[in-house]
Amino acid sequence: SGNVVFFEGDPQTTHISSVTGGVKFSQKKQTLSGIKFTTFTDDDRWLFLGDNRLSWTSLNTYSLGASSTAAGAENLKYDYFRFYETAYHKVKPGLFVGLGLNISDHQNVRPGTGAEATWDQSAFVAYNEQHGFNTGRQTSSGTSIGLSYDTRDNGINAQRGVLASTTYRTFFDGFLDGNSTWQELDFDVRTYKKLTTNARNNVAFWFLGDFVTGGTPPYLDLPATASQEQRSARGYGEGRYRGEHLLYGEMEYRGTLTNNGLVGLVLFLNTTTVDNAATKEKLFDSFAPGAGFGFRFLLNKRSRTNLCTDYGWGKDGSRGFYLAIQEAF
């Protein structure tokens, strides 16, 4: 993985920009690649956001809702292409309005290794049969409108300020091979506070929501842990909890262990709640909490970019190790 940071204008009036990307190979025979960027033009006149992925991967699928058990997991493999691009224009300092194009395409969906015998009984197949979706390919394509308010001192590793954004997406049946017409509303709020004047100890808060507001999305495009925001729900794997509506909250302590700031430590707590209309499970009926710790190794002092290593635990024995560049939020 790699990371590039730069300023397109005067740093006094222009937010820092960044591009991250890479190719990863896993012991699960996954190949994951992608590029994400946040680019501010001179004087923050324009903001461009991109989240683009190309993967040959797999994941476990479960019943919907936060009370789903790991015992019913079924593995599936698929090829994934994601193209999420949004252009924002500044309407006043820190406030942006934007339009975007969103494509999420899962191709060659098939049973994972050892899952062939129980494939027809999986929650994934049951959802598709209920709503008339093809199990072999699932695509959502559409447009979006967004509003973003950003007063952070540094979007890569903030010590103060607020990010508050919301996006409304409409996907269309037949548009760029889209399978259904449905709508989605998500919001993302992050705030940061110094605990000491020298900024060696900070605390960060993250709250996000992802809601299907109309229509029926394909199973693989339903709101899920670590889906829209890949760094959320540390302690769980991608897609562990999935449903029509999702709420997520996290608090993280960030401190430095060395005087020069080279090595740091984080402690985090998070929780997720998801609903399931089929079983009448509502938000806040069940929760999926997570907790963990991590170390930070400073890669660039000016941009405050860190190499991040985290270990997280969730309920029912869930756990995971996470390696990344830049903070989780």
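Presented here is an overview of the structure given in this document. Note that the structure is a prediction, hence the values are computed from the model and not measured.

All right, on to the overall build of the protein then. Scanning the protein for helices and strands turns up 1 helix and 15 strands. For 329 residues, the compact-globule estimate of 2.2 N^0.38 gives 20 Å, and the protein sits close to it at 20 Å. Judged by the C-alpha coordinates and their principal axes, the protein covers about 55 × 40 × 35 Å. Out of the 329 residues belonging to the protein, those deemed buried represent 49%.

Right, let's talk about empty space enclosed by the protein for a bit. This structure, assessed with the given rule, holds 1 cavity of 30 Å³ or more. Of the voids in this model, the largest cavity is the one considered here, and its volume is about 200 Å³. Among the secondary structure elements, those contributing two or more residues to the lining of the largest cavity are β4 (46-61), β5 (74-92), β6 (95-111) and β9 (182-194). In terms of residue class, the lining of the largest cavity is made up of 10 nonpolar, 6 polar and 7 charged.

Our focus in this paragraph is the environment of Glu-116. For Glu-116, the position within the fold is in the loop between β6 and α1 (123-131). Remark: the alpha-carbon pair of Glu-116 and Leu-76, spanning 40 residues in sequence, is separated by 9.4 Å. Of note is the side chain of Glu-116, whose polar atom sits 3.3 Å from the backbone nitrogen of Gly-114.

Attention now goes to the layout of surface pockets. Approximately 430 Å³ is the volume attributed to the second largest pocket. Residue lining of the second largest pocket: 22 residues in total, with Asn-157, Gln-159, Thr-256, Gly-261 and Arg-304 positioned closest to the centre. Sorting the residues of the lining of the second largest pocket by element identifies β11 (245-256), β12 (263-274) and β13 (288-300) as the ones contributing at least two each. Here the lining of the second largest pocket is built from residues that sort into 5 nonpolar, 11 polar and 6 charged.

In this section: the packing of aromatic side chains. Summed over the entire model, instances satisfying the criterion amount to 19 aromatic pairs. Consider the rings of Tyr-236 and Tyr-241, whose centres lie 5.4 Å apart with planes at 80 degrees: the pair is edge-to-face. An aromatic cluster is built from Trp-119, Phe-124, Tyr-127, Phe-133 and Tyr-219, whose rings are joined through pairwise contacts. One cation-aromatic arrangement involves Arg-82 over Tyr-84; the distance from NZ or CZ to the ring centre is 3.7 Å. A cation sits over an aromatic face here: Arg-240 above Tyr-241, 4.2 Å from the ring centre.

Mapped onto the fold, Gln-183 is located in strand β9. Excluding anything up to four places from it in sequence, Gln-183 contacts Tyr-168, Arg-169, Thr-170, Phe-211, Val-212, Thr-213, Gly-214 and Gly-215.

Our next topic: the side chain of Thr-39. With respect to the element layout, Thr-39 can be found in strand β3 (residues 31-40). Among residues more than four places away in sequence, those in contact with Thr-39 are Phe-6, Glu-8, Ser-17, Trp-46, Leu-47 and Phe-48.

Quick look at the nonpolar core now. Grouped together as the largest cluster of nonpolar side chains are 18 residues, with contacts concentrated most on Leu-76, Tyr-78, Val-109, Phe-124, Tyr-127, Tyr-219 and Leu-222. Contributing elements (two or more residues each) for this core: β5 and α1. Beyond its immediate chain neighbours, meaning those up to four positions away, Tyr-78 contacts Ser-55, Trp-56, Thr-57, Ser-58, Leu-59, His-106, Gln-107, Asn-108, Val-109, Arg-110 and Glu-238. Of all hydrophobic cores here, the second largest spans 14 residues; its members include Ala-233, Tyr-241, Val-274 and Ala-328.

Unlike most non-glycine residues, Leu-176 shows phi in positive territory, near 50 degrees. Structurally, Leu-176 is set in the loop between β8 (161-171) and β9. The partly exposed category is assigned to Leu-176, whose relative accessible area is 44%. One non-glycine residue, Gln-326, adopts positive backbone phi at about 80 degrees. The residue Gln-326 is located in the segment after β15 (319-325) in this model. Judged by relative accessible area, which is 12%, Gln-326 ranks as buried.

What counts as what
- Residues numbered from 1 in each chain as written.
- Predicted model: local features only at pLDDT ≥ 70, side-chain atom pairs only at ≥ 80, totals over all residues.
- Heavy atoms only, no water.
- Helix = DSSP H or I, 4+ residues; strand = E, 2+ residues; numbered from the N terminus.
- Rg over C-alpha atoms; globule rule 2.2 N^0.38 Å.
- Buried < 20%, exposed > 50% of the residue type's maximum accessible area, 1.4 Å probe, protein only.
- 1 Å grid on protein atoms, 1.4 Å probe; cavity = no way out; pocket = protein on both sides within 12 Å on 5 of 7 lines; lining within 4 Å.
- Points joined across faces, edges and corners; volume = space filled by probe spheres on them.
- Nonpolar A, V, L, I, M, F, W, Y, C, P; charged D, E, K, R; others polar.
- Polar contact = N/O pair within 3.5 Å; in protein donor to acceptor, adjacent residues only side chain to side chain.
- Phe/Tyr/Trp six-rings, centres within 6.5 Å; stacked < 30°, edge-to-face > 60°.
- Lys NZ or Arg CZ within 6 Å of the ring centre and 35° of its normal.
- Contact = heavy atoms within 4.5 Å.
- Core = buried A, V, L, I, M, F, W, Y, C linked by side-chain atoms within 4.5 Å.

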